[in-house]
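Chain residues, written in single-letter form:
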Amino acid sequence: MILSTEHQTMEKGKHMRKSYYEQIEHEVTMLLRRADYKRTLDGSARTMDRSAYLLLKWLDREGPSAVGVISEAFQLDNSTVSRQIAALDAKGWVRRYSHPEDARVSMVGITKSGQEAINTAKALRLEAYSELLDDWTEDELHIFSKLLSRLNRSIERRKRLQ
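Residues numbered from 1 in each chain as written. Predicted model: local features only at pLDDT ≥ 70, side-chain atom pairs only at ≥ 80, totals over all residues. Heavy atoms only, no water.

### Things to note about the overall build of the protein chain
Here comes step 1: Broken down by element type, the protein chain carries seven helices and three strands.
Here comes step 2: The N-to-C order of helical and strand elements in the protein chain reads α-α-α-β-α-α-β-β-α-α.
Here comes step 3: In the protein chain, 49% of the contacts between residues at least 6 apart in sequence involve partners at least 24 apart.
Here comes step 4: For the protein chain, the accessible surface area stands at approximately 12,300 Å², while carbon and sulfur atoms represent 54% of it. (Helix = DSSP H or I, 4+ residues; strand = E, 2+ residues; numbered from the N terminus. Contact = heavy atoms within 4.5 Å. Areas by Shrake-Rupley, 256 points an atom, 1.4 Å probe, with all protein chains shown as cover.)

Here it is in structure tokens:
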């Protein structure tokens, strides 16, 4: 049986998409492995782990927040976020307190020390990415940042639906 040109084109398209998916899956896996580039390469005491970095960065941007709000924003359970907050609290980077209107609600805010730590960590990370991407054109940086953001939003939507 001879397949129609339209059917052959469709099958070729499916095969190409699958090979793109495989390459993307591999590259994302490798990216995640290497994502903590600065921390894992130099072991500097001035760097911080990914969960601390993301949480402090979020608190710095959003301001003091309830643990439940943070859990929802990161799509994590309250116990996981509470453990992460406890580690940051032990370093003096955040402060826990009761909500002024409802003492049952635990609030978390970034401290001056936490702001200094996140600013230092962010500067180190930006320096590392600046070095890595120095030879990229403005267009390449723009396209990559847009596509990476789009991939992250797709992952976030999928996780919310599960």
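### Some thoughts on the packing of helix H3 (residues 50–62) against helix H5 (residues 78–90)
Here comes step 1: In contact at an axis separation of 10 Å, H3 and H5 are set at 85 degrees when each is read in the N-to-C sense. In terms of their interaxial angle, H3 and H5 are classed as roughly perpendicular. Of the residues in H5, those in contact with Ser51, Ala52, Leu55 and Leu56 of H3 are Gln84, Ile85 and Leu88.
Here comes step 2: Residues belonging to the contact of H3 with H5 are distributed by class as follows: five nonpolar, two polar and no charged. (Axes fitted to C-alpha atoms, helices over the stretch in contact; angles between N-to-C directions. Parallel < 35°, antiparallel > 145°, perpendicular 65-115°, else oblique. Nonpolar A, V, L, I, M, F, W, Y, C, P; charged D, E, K, R; others polar.)

### Things to note about the environment of Gly63
Here comes step 1: Note on placement: Gly63 falls in the loop between H3 and strand E1 (65–66).
Here comes step 2: C-alpha separation for the pair Gly63 and Val108, spaced 45 residues apart in sequence, amounts to 8.6 Å.
Here comes step 3: With residues up to four places along the chain from it excluded, the contact list for Gly63 reads Trp58 and Val108.

### Topic: a nonpolar patch on the surface
Here comes step 1: On the surface, Leu31, Trp136, Phe144, Leu148, Leu151 and Ile155 cluster together into a nonpolar patch covering about 480 Å² of accessible area.
Here comes step 2: Counting residues per element, the nonpolar patch draws most heavily on helix H7 (residues 138–161), which supplies four residues. (Patch = residues over 30% accessible without salt bridge, like charges linked within 9 Å, V, L, I, M, F, W, Y side chains within 5 Å. Salt bridge = Lys/Arg side-chain N within 4 Å of Asp/Glu carboxyl O.)

### Considering the packing of aromatic side chains
Here comes step 1: In this structure the tally under the stated criterion is two aromatic pairs.
Here comes step 2: For the ring pair Trp136 and Phe144, a centre distance of 5.4 Å and an interplane angle of 70 degrees mean the geometry is edge-to-face.
Here comes step 3: Sitting over the ring of Tyr53, Arg125 keeps its end group 3.9 Å from the ring centre. (Phe/Tyr/Trp six-rings, centres within 6.5 Å; stacked < 30°, edge-to-face > 60°. Lys NZ or Arg CZ within 6 Å of the ring centre and 35° of its normal.)

### Remarks on unusual backbone geometry
Here comes step 1: With a phi angle near 55 degrees, Gln75 is a residue other than glycine that sits in the positive phi range.
Here comes step 2: Within the element layout of this structure, Gln75 appears in the loop between helix H4 (67–74) and H5.

### A word on the sheet that holds strand E3 (residues 106–110)
Here comes step 1: The sheet built from three strands is open, its strands ordered E1-E3-E2 with antiparallel pairing. Two strands lie at the open edges of the sheet, namely E1 and strand E2 (94–98), each paired on one side alone.
Here comes step 2: Pairing of E1 with E3 involves two bridges; the strand directions are antiparallel. Bridge assignment links Ser65 to a residue of E3, and that residue is Val108. (Pairing = 2+ DSSP bridges.)

### Re the side chain of Ser71
Here comes step 1: By the secondary structure assignment, Ser71 is in helix H4.
Here comes step 2: Taking the relative accessible area as the measure of exposure, Ser71 reaches 3% and is therefore buried.
Here comes step 3: The residues touching Ser71, leaving out its near neighbours within four places in the chain, are Leu76, Asp77, Asn78 and Val81. (Buried < 20%, exposed > 50% of the residue type's maximum accessible area, 1.4 Å probe, protein only.)

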